[in-house]
Amino acid sequence: MPVILGIESSCDETSASVCVDGHILSNVIANQTVHEAFGGVVPELASRVHQQNIIPAVHKAIIDAKVSKKDINAVAFTRGPGLLGSLLVGTSFAKSFALGLNIPLIDVNHMQAHILAHFIDDPKPKFPFLCLTVSGGHTQIVKVNDYFDMELIGQTTDDAAGEAFDKAAKMLGLPYPGGPLIDKYAKLGNPKAYQFPEPQIPGLDFSFSGLKTAFLYFVRDKQKVNPSFLEEHMADVCASIQHRIVTVLINKVKKAVKETGIDQVAIAGGVSANSGLRDALLEAEKKWKWKVFIPKFEYCTDNAAMIAIAGYHKYLKGEFVGQEVSPLARWSV
Ligand code: KG4
Ligand code: ZN
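Residues numbered from 1 in each chain as written. Chains lettered and ligands numbered in written order. Predicted model: local features only at pLDDT ≥ 70, side-chain atom pairs only at ≥ 80, totals over all residues.

Taking an unreviewed UniProt entry as the reference, the protein is identified by name as tRNA N6-adenosine threonylcarbamoyltransferase belonging to Solitalea longa. The UniProt entry for the protein carries the following text under Catalytic activity (unreviewed entry): "L-threonylcarbamoyladenylate + adenosine(37) in tRNA = N(6)-L-threonylcarbamoyladenosine(37) in tRNA + AMP + H(+)". The record held by UniProt for the protein lists under Subcellular location (unreviewed entry) the comment "Cytoplasm". (UniProt positions renumbered as here; feature names shortened; annotations may be inferred.)

Next up, the structure:
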């Protein structure tokens, strides 16, 4: 019955989780609100807040799970990819914790962990499956052959889907991170009210920068004619831009399903919390007979439960790292 402590600190969420024999017993997430005023995550501030939050988060995760520190068999931590200063806090904490308790240390790839969040609850996908991983920093289609055998078959050539949401929101005067707010307004609007161009990128890769520019000009031109355009049409504008981003994602996944012959499709990462994307995937399941896997909301955005479950599967394989380990700002799946 291995007990694994998971630590996540790659961006602006400090999170700790306890996993006992593959079951998540706690998942504590401390959000950082200091970045709101800056319209994006400020790396230097993020590391400082991680430093303040990490011990209380771990303490609460252990209490919530009703385990004792001495029961913990290994500590798993996000080694990358992410902001180096933020990763250093989690990595250093995990190393000290492992050293203090004389237990093994497990390094986890954050993007693999987003995908492995599908192994927390039932139903679990069977290998191989496809995963659309969409976050603030990444947009990828991954062919998942096994827990730690993943092939990147498509990715963004510029902005990530989460960035496209956040930048569109910024143009609409919404606070950071704007993705969830676009989602909220979109629920009240007509997705066909305004048409935005679908980027024509070959293969399974994505591009969102052209769409971003088209959206910028659209907002500017509409406001020139009617300064209160956004106040009057916020819901339709949000529904329309969300609809375009979601169709770009779904069309590429459709292509990947066709090319690989794999029709088990999972979504992961912060943008998988988007209701438009979740609905589109459920529709695809009906229309094209895919088997789809959509994570619980709490396992979409950054969390340590996904790090703990990934750590559990590495623990079973006996894959540990030594005290010389250091974080990696860039690290492919
Ligand atoms: O995976 P995540 O929590 O952090 C990264 O590793 O990047 O993803 C954060 C991203 C942000 O861009 C945020 O705006 C987006 O996920 N996001 C959403 C929604 N919830 C989070 N985007 C659209 N709709 C949502 N409901
Ligand atoms: Zn993430």
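We are not done yet, so read on.
**Regarding the sheet that holds strand E10 (residues 291-293)**
Read from one edge to the other, the open sheet built from five strands follows the order E8-E7-E6-E9-E10, with strand pairing classed as mixed. Lying at the two open borders of the sheet, with one neighbouring strand each, are strand E8 (149-155) and E10. Taking the axes of each pair of neighbouring strands and ignoring which way they run, one obtains an average angle of 25° across the sheet. Bridge count for strand E6 (residues 129-134) against strand E7 (residues 139-146) is six bridges, and the pairing is antiparallel. (Pairing = 2+ DSSP bridges. Helix = DSSP H or I, 4+ residues; strand = E, 2+ residues; numbered from the N terminus. Axes fitted to C-alpha atoms, helices over the stretch in contact; angles between N-to-C directions.)

**A look at the nonpolar core**
Val75, Ala76, Ala117, Ile307, Ala308 and Ile309 are the most contacted members of the largest nonpolar core, which totals 90 residues. For this core, the leading source of residues is helix H7 (residues 229-260), giving 10 residues. The residue makeup of this core includes at least three contributed by each of domain 1 (3-115 + 300-317) and domain 2 (125-295). Residue contacts for Val75: discarding those within four places in its chain leaves Leu5, Ile7, Ala94, Phe97, Ala98, Ile103, Leu105 and Ile106. Within the second largest apolar cluster, five residues are counted, among which are Cys11, Ala46, Val49 and Leu83. (Core = buried A, V, L, I, M, F, W, Y, C linked by C-beta atoms within 7 Å. Buried ≥ 20, exposed ≤ 12 C-beta atoms within 10 Å, placed from the backbone. Domains from an automatic or database assignment. Contact = placed C-beta atoms within 7 Å.)

**Comments concerning the domain arrangement of the protein**
Each assigned domain of the protein is listed with its residue range as follows: domain 1 (3-115 + 300-317) and domain 2 (125-295). On a C-alpha basis, the centroid separation for the pair domain 1 and domain 2 is 27 Å. Contacts between domain 1 and domain 2 engage 11 residues on the former and 19 residues on the latter. Ranked by residues supplied to the side of domain 1 that touches domain 2, first place goes to helix H3 (residues 110-116) with four residues. Here the residues of the side of domain 1 that touches domain 2 are counted per class, giving three nonpolar, seven polar and one charged. (Nonpolar A, V, L, I, M, F, W, Y, C, P; charged D, E, K, R; others polar.)

**A few points about the environment of Gly270**
With respect to the helices, strands and loops of the structure, Gly270 is situated in the loop between strand E9 (264-268) and helix H8 (275-288). Gly270 sits in the buried class, given 26 other C-beta atoms within 10 Å. In the structure, Gly270 is positioned 217 residues away from Asn53 in sequence and 21 Å away in space, judged by C-alpha atoms.

**Quick notes on the sheet that holds strand E2 (residues 13-20)**
A sheet is described by the order of its strands in space; here five strands give the open sequence E3-E2-E1-E4-E5, paired in mixed fashion. Whereas interior strands pair on both sides, the edge strands pair on one side only; in this sheet they are strand E3 (23-31) and strand E5 (105-109). Strand-to-strand twist of the sheet, defined as the mean angle between neighbouring strand axes without regard to direction, takes the value 20°. Relative to the sheet, helix H1 (residues 43-64) contacts strand E1 (3-8), E2 and E3, its axis offset from that of E2 by approximately 25°. In the packing of helix H2 (residues 84-101) onto the sheet, contacts are made with E1, strand E4 (74-80) and E5, and the angle to E4 comes to roughly 160°.

**Structural notes on the site of ligand 1**
Neighbouring residues of ligand 1: 18 residues in total, closest Ser135, Gly136, Gly162, Gly179 and Gly270. Those elements that place two or more of their residues in the shell around ligand 1 are helix H4 (161-171) and helix H5 (179-186). Each residue belonging to the shell around ligand 1 can be placed in one class, and the counts come to six nonpolar, nine polar and three charged. Per-domain counts for the shell around ligand 1 show at least three residues from each of domain 1 (3-115 + 300-317) and domain 2 (125-295). (Near = placed C-beta within 6 Å.)

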